Structure formats: C-alpha cells, structure tokens
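# Summary of the model geometry
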Amino acid sequence: MRPDEFPDDIRPYLIPRPSGDLFYRCLQCEGEFDIASLLYTCPDCGHVLLIEDRQWDRLKECPGSFWRRLFDYRRMLNMPALKGVFLFHELIAPVLPLEDIVYLGEGHTPVVRANESLRRFIGMDFSFKNDGQNPSASFKDRGMACALSFVNYLIRTQGLGEVLSICASTGDTSAAAALYSAYLSKNVKSAVLLPHGKVTPQQLSQPLGSGARVFEIPGVFDDCMKVVEYLAERYQVALLNSKNAWRILGQESYSFEVAVSLDYELKGKVVLVPIGNAGNITAVLGGFLKLRDLGIINYLPKIIGVQSEHADPVYRYYQQTELAKRVFRPITVQPSVAQAAMIGNPVSMPRVIRLVETYERMSGAPAVFVVQVTEQEIMDCQLIANRNGHIACTQGGECLAGLRQALAAGIVSQDEVAVLDATAHALKFVGFQEHYFAGDLDPAYQVIPRAELKNSPSLIRAPGLKRFPASGQPLPADEFQAFVEATAKEIAKELGLQERKGRDS
Ligand SMILES: *Cc1c(COP(=O)(O)O)cnc(C)c1O
Ligand SMILES: [Zn+2]
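Keep in mind it's a predicted model, so treat the numbers as computed, not measured.

### Let's talk about the overall build of the protein
The helix and strand inventory of the protein stands at 17 helices and 13 strands. Computed over C-alpha atoms, the radius of gyration of the protein comes to 25 Å, within 12% of the 23 Å expected from 2.2 N^0.38 for 505 residues, which places it in the range of a compact globule. Taking the principal axes of its C-alpha atoms as reference, the protein extends roughly 80 × 50 × 50 Å. The burial tally for the protein puts 54% of its 505 residues in the buried class. When contacts within the protein are restricted to residue pairs at least 6 apart in sequence, long-range pairs at least 24 apart make up 71% of them. Here the protein has roughly 22,400 Å² of accessible surface; of this, 50% comes from carbon and sulfur atoms. Charge-centre separation for the protein: the mean point of 52 positive side chains lies 2 Å from the mean point of 57 negative side chains.

Dropping the structure here:
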C-alpha cells in the first residue's frame, strides 16, 4: 500500500524518523556508556551490558492500542528497511536511520499450529514458530540484522574504512554473521571461530559460502568463546556474539511477532525457547517486558526455557528455589543432539537473572521456568513433530520435549496455548536424523532409535530385467517399457496397492 493511502492518524508515524537516546547499561555497576563506540562489556567492571533508551517514556504518549494499529498497518507498507525486524523500529533501535538498515528477509516467520494428532500426543494446543525460515535458516538473523545495521551506521557516520566482524559459534551465529557481513562486503570482512567437529556440515558450509574466514578450534563452544573474547579485547574487531547487546535488541522482535500473531492477546499463553548461550531467552523476556510497559499487551505470557540434561547450567541454577542460595556454576557439557545449545557457561546468564526478576515482579506470579529434558526425548520429539508436518531442528524438538515436561510437571495446564521456537531449519541438523535412522549415533548422546520412527530409502531393482537405465545410456523403447512396468509393479507390491477397477492389466 502507498504511504498516502494509510489512515490519517497512522500516516505521520508510518515511516519512523531516527529518535530516542540509546546507551549501554552495565548490569552490575549500573554504569552508563555512550553507543558511539562498540562495547561488549563494562569498561569499569567487565560485566555484560544491555542497551536502554533514555527517552523510552516518550513512546508512552501513544496508547498501546495505537501501537498495535501502527504495527499492523505498517506490515502493508512496502519499504525494505521496515519489512523485517525493523517493522518495530521504535522498540528495537530507533536511533538508526532507515538508510542504514540491512534487510535480508529476516523475521515475520510463520506460526504453524500443530495438527490434531500432535496436539493429542502432547495433551494441549500449541504452534511452532518457524524461525528456521529466516534467510540463514535460524533465528540468529534477527539479531544480526540489528547488529550489522548498527555497524553499517557506524561505517557511514564515522567513516570507518574496513571492519572485521568476528564471532564464536555453535554453527548458526557464524552462518548469520557471515551472511549479513557478506551483504556489506564492501566495508565488512568476516571471520568465524567454530569448535572443530562440533558444528554440522551444513552449518560449516554456510560461512564458507558467504566468503568468511573460517577457523576451526579444538574444544567446545565455551573454549572458542574465550578465544574470541580475547581477540575482541585486544584487537580492532566487531564482536557479533550475543555479548553484543545490539543482537539482543534484534532478537526481541521474536516476542513482538508472537504478540502480533496472537492479536496481542497473551493471557493463558506460554512461550518456549531452548537455552544455549541464553541470548535468545534474554531477548524474549526483554521483548515482552517492553510490550507490557507500553500497554501493547495486557498480560505477560509464561516463559519456559528448555535445556538438555547434557548442557543444563541454567536449569540447575533455577533448581535452587531459595533466592539467596542461588549460585551460578558453569558446567562441562556432554555431547548433545541439540548442539546449537550445547553451552556450559552462557554469556547472558547475568542478563537472564536480572530479567527474570523483573519479569516475575511484573507478572505478580512465577512466570519463568526452566525445564530439563533427555537427549532421547529431544530426538524423538523432533522426529514426531516433523512426521506431523513441521520442519523443527533438534532444538525445536527440545522445545516440544520441554512442553511435555512442563505439562507433566504442572507448570502449564491443558487449557493454555503454547508457542514453541523452532529455532533453526531441520535441514541444518539432518545428520542427527541420519544417524538415528541408521542406528549409529555416537553412544555419548545416549539416544536409542525407536523402530517406529526410523525411516530409510528402498532401492527398487525389479527382478527379471537384464538392464536398467543409466545416465547417458537410455534403454531401447521396448526394454524401457518393460522396465517401467516391472518397477511400477514392484513399488505397488511394496505399498500393497490395489489395482484400479475396469482397466486392463
Ligand atoms: C543459538 C541457537 C540456540 C540457542 O540460543 P541462545 O541464544 O544461545 O540461548 C538454539 N537453537 C538454535 C538453532 C541456535 O542456533
Ligand atoms: Zn560495570
């Protein structure tokens, strides 16, 4: 729709101008720092930062009902900068001019309701939100769209010639970082550090294809992260891990979209996310808090974080119910099929602790939970979901296993409705499915394939044929006809098909 066709009250707000006054806030010492330079940790005390807006309250001059209308109308506007996560410009990074915004098709991912048999299997109504349908096939694109838009803004306004973006990754962060950096390849070069042998071949191919320098490092993600932190402290690089608070802002769009998809009616709703480095759950909590603060939603949904028993430091932290006794202890991870979340020392843990406190205070009741699931449940749930029309990755399977767990534990009830984050596309993690089907998953995963979930191709070489077609070697017509008939009969036999009535054989 053309801008002049929108209603009179919407038009002045339709195309946002730069506004707000963003700054980094240290979660430990409360220090405030200018966004003119890229900061990842507090220069005074070394803690993680979040970005806040000094002029946030200006947004309260419009009622929640106005914001709802504006966001709903803005979806009809055809401006690339506002087509992705920056549809929610005012809530994400309002200081950025639209000309600097990088849009590669991220966000606004489909919400797909579970069919009846899957709902019955779980025992309640739920949908997957398919964040695997983002451009690099995971939710990480939401955060990168924001972080690289900010880098792009710095390049233009500060005349930076060449920026080196860098990140450590369990696979998807590097895919997204390399993709968005490649779009800005005139000024941005990218380097990614991956734990050797701990990302899937598909994930490895992504930064390679985007032209990034790819470094494989012995160890697990937590080890890579330390090397990247060391680099970011001593060298001129733009760190793109979720330690970078701009990524958190972009990822808040997930919550905004969940709210939109539910017509902003969040009562009785439950949102599930897998937890790895805890950037995603930080953003999900922060996003809903913003909506609630502006009156865009009237209830905060229940939030359930899910962890595998092979990588569960956040779960363990919240197992201690006495607040004063809670201590965070990093753990050593075991191999997990939810490999993108296989993290023992989540960088965003201090953010989570802070936001959970605020969230529960605002909710007036326990509203954030962390559940733990087995590797077996993760694999089985992923396969079961996909046998019912979904494209969930292993982390999406982890969410589904988490929902079952939460229902069994009485954390959610049957009359609530859940939205599960399918954080990446199934194809990125297809190796786990292959090994499950072949029955040769490394025993360290502790997954035993269930026969009824296995699947494998059958090669049909119909008996009685002397030769088969091969590329570049077509069969003579009569032999080919015999091949078609014999092969079709073989398949019909395999499938137990009935011949159609009234036809010659
Ligand atoms: C990164 C990632 C996670 C974990 O998200 P965090 O923000 O690290 O907690 C889960 N699933 C997928 C597919 C991911 O790429
Ligand atoms: Zn500080």
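### Observations regarding helix α14 (residues 375-386)
In a regular helix each residue adds 1.5 Å, so 12 residues correspond to 16 Å; α14 covers 17 Å between its end C-alpha atoms and thus fits that length. Burial of α14 is extensive: 10 of the 12 residues sit out of reach of the surface. Buried within α14 we find E375, Q376, I378, M379, D380, C381, Q382, L383, I384 and A385. Contacts made by the buried residues of α14 are with α4 (116-122), β5 (125-130), β11 (302-308), β12 (368-373), α15 (394-408) and α16 (430-438).

### Some points on the domain arrangement of the protein
You can read the domains of the protein as domain 1 (111-135 + 252-453), domain 2 (140-249) and domain 3 (457-500). Here the C-alpha centroids of domain 1 and domain 2 sit 24 Å apart. Tallying the contact residues gives 29 residues for domain 1 and 25 residues for domain 2. Counting each side, the surface lost to burial between domain 1 and domain 2 is near 2,100 Å², with a carbon and sulfur contribution of 48%. Summed over the shared surface of domain 1 and domain 2, the result is three salt bridges. Note that D172 is salt-bridged to K428, the shortest N-O span being 2.6 Å. Inspection of the domain 1/domain 2 interface yields 14 residue pairs in polar contact (both at pLDDT 80 or more). Secondary-structure elements contributing two or more residues to the side of domain 1 that touches domain 2 are α10 (253-261), α11 (279-293) and α16.

### What to know about the site of ligand 1
K140, D172, G276, N277 and N280 are the nearest of the 14 residues found near ligand 1. Within the contact set of ligand 1, an oxygen atom lies 2.6 Å away from a side-chain nitrogen or oxygen of D172. Contact with the protein chains covers 98% of the free accessible surface of ligand 1, which is 380 Å².

### Some thoughts on the state of the cysteines
By the definition in use, this model includes zero disulfides. Counting only cysteine sulfurs, C167 is the nearest neighbor of C146, a cysteine outside any disulfide, at a range of 16 Å. On the basis of relative accessibility, which here comes to 0%, the residue C146 falls in the buried class.

### Digging into the pattern of salt bridges
Scanning the model with the defined rule gives 35 salt bridges in all. In this structure, the salt-bridge partner of K60 is D57, at a minimum N-O distance of 3.1 Å. With its nearest N and O atoms 3.6 Å apart, the salt bridge here joins R120 to E116. Note that R120 and E116 are positioned in helix α4 at a spacing of four residues, about one turn of the helix. The same class applies to R120 and to E116, which are both exposed. One connected set of salt bridges, linked through shared partners, spans D21, R25, E30, E32, E52, R54 and R354.

### Focus on the environment of E30
Mapped onto the elements of the fold, E30 is located in the loop between β1 (22-26) and β2 (32-34). Overall, E30 belongs to the partly exposed group, its relative accessible area being 37%. In the structure, E30 is positioned 17 residues away from H47 in sequence and 9.9 Å away in space, judged by C-alpha atoms. For E30, the residues in contact, after removing those within four places along its chain, are R25 and R354.

### Observations regarding the pairing of β1
The element β1 is largely enclosed, with a buried count of five among its five residues. Burial along β1 is two-sided: the face carrying L22, Y24 and C26 and the face carrying F23 and R25 are both buried. Relative to strand β3 (residues 49-53), β1 runs antiparallel, the two being bridged by five bridges. By the bridge assignment, L22 is partnered in β3 with D53. Where β1 and β2 come together, three bridges link them in antiparallel fashion. By the bridge assignment for β2, Y24 is matched with F33. Linking β1 to β2, which pair antiparallel, is a turn of five residues; within it E30 sits at a positive phi near 70°.

### Here's the deal with the sheet that holds β3
In spatial order, the strands read β2-β1-β3; together these three strands make up an open sheet with antiparallel pairing. Whereas interior strands pair on both sides, the edge strands pair on one side only; in this sheet they are β2 and β3. Each neighbouring strand pair of the sheet contributes to a mean axis angle of 40°, computed without reference to strand direction.

How each quantity is defined
Residues numbered from 1 in each chain as written. Chains lettered and ligands numbered in written order. Predicted model: local features only at pLDDT ≥ 70, side-chain atom pairs only at ≥ 80, totals over all residues. Heavy atoms only, no water. Helix = DSSP H or I, 4+ residues; strand = E, 2+ residues; numbered from the N terminus. Rg over C-alpha atoms; globule rule 2.2 N^0.38 Å. Buried < 20%, exposed > 50% of the residue type's maximum accessible area, 1.4 Å probe, protein only. Contact = heavy atoms within 4.5 Å. Areas by Shrake-Rupley, 256 points an atom, 1.4 Å probe, with all protein chains shown as cover. Lys, Arg positive; Asp, Glu negative; His and termini not counted. Charge placed at Lys NZ, Arg CZ, Asp CG, Glu CD. Expected span 1.5 Å × (residues − 1). Domains from an automatic or database assignment. Buried area = accessible area lost by both parts, 1.4 Å probe. Salt bridge = Lys/Arg side-chain N within 4 Å of Asp/Glu carboxyl O. Polar contact = N/O pair within 3.5 Å; in protein donor to acceptor, adjacent residues only side chain to side chain. Near = heavy atom within 4 Å. Disulfide = S-S within 2.5 Å. Pairing = 2+ DSSP bridges. Axes fitted to C-alpha atoms, helices over the stretch in contact; angles between N-to-C directions.

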